[in-house]
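Take a look at the letters that make up each chain.
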Amino acid sequence: MSSDEMSGFRPFQLMVASIAGCSLSVYRKILDKQRINYEDITVQAKVERNTEAANRIEKVSLRFVVKGYHLNQDKLLKNLEVSRNNCSMVQSVKDSIEIEESLECIQLSR
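Residues numbered from 1 in each chain as written. Predicted model: local features only at pLDDT ≥ 70, side-chain atom pairs only at ≥ 80, totals over all residues. Heavy atoms only, no water.

Here we look at the pairing of strand β2 (residues 56-68)
Then step 1. Inspection of the sheet shows strand β1 (residues 40-50) paired to β2 by eleven bridges, in the antiparallel sense. Of the residues in β2, the one forming a bridge with Ile41 is Val66.
Then step 2. Between the antiparallel neighbours β1 and β2 lie five residues, among them Ala54 with a positive phi of about 60 degrees.
Then step 3. Looking at chain direction, β2 and strand β3 (residues 98-107) are connected through ten bridges and run parallel. Within β3, the position partnered with Val66 by the bridge is Cys105. (Pairing = 2+ DSSP bridges. Helix = DSSP H or I, 4+ residues; strand = E, 2+ residues; numbered from the N terminus.)

Structure follows, in structure tokens:
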């Protein structure tokens with residue numbers, strides 16, 4: 001951890017990475033448990049901070065990108081909601097940081 005990005009991660013970056021990493025990990029576990037096939041899943045995080053209040057993290061937007069064959073977007077969205085409720089990091093900050101999630105499905109063809 002460092003206050004200088006050249007020497008390591010800044011504290012807010014570690015917080016955002018923890019939220020994104022936990023969310024992705026839980027989401028993968030749920031999809032795997034339900035035997036939902038996918039080729040790849042990534043998450044992109046965008047953070048909004050309040051410069052008027054000690055640069056506090058106000059909002060984290062997580063964009064999940066799922067690539068696969070014959071994906072059911074409704075089922076993937078429903079499982080994303082389930083993962084939100086089971087992610088310890090999201091649940092730890094839910095009353096102080098707004099967490100927004102979105103999903104992009106990329107249908108692959110052979």
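Now, onward.
Digging into the pattern of salt bridges
Side chains that carry opposite charge are capable of pairing whenever their charged atoms lie near each other.
Then step 1. According to the stated counting rule, one finds four salt bridges in the structure shown.
Then step 2. For Glu100, the salt bridge is made with Lys59, and the minimal N-O distance between the two is 3.4 Å. Taken as a pair, Glu100 in strand β3 and Lys59 in strand β2 lie far apart in primary sequence, 41 residues in all.
Then step 3. Exposure remark for Glu100: the relative accessible area of 36% places this residue in the partly exposed category. (Salt bridge = Lys/Arg side-chain N within 4 Å of Asp/Glu carboxyl O. Buried < 20%, exposed > 50% of the residue type's maximum accessible area, 1.4 Å probe, protein only.)

Quick notes on the sheet that holds β3
Then step 1. Here we have three strands laid out as an open sheet, ordered β1-β2-β3, and mixed in their pairing. Of all the strands in the sheet, just β1 and β3 have a single pairing partner and so form its edges. Ignoring which end each strand starts from, the neighbouring axes of this sheet average 15 degrees apart.
Then step 2. Of the strands in this sheet, β2 and β3 touch helix α2 (residues 73-86), which is tilted by about 150 degrees from β3. (Axes fitted to C-alpha atoms, helices over the stretch in contact; angles between N-to-C directions. Contact = heavy atoms within 4.5 Å.)

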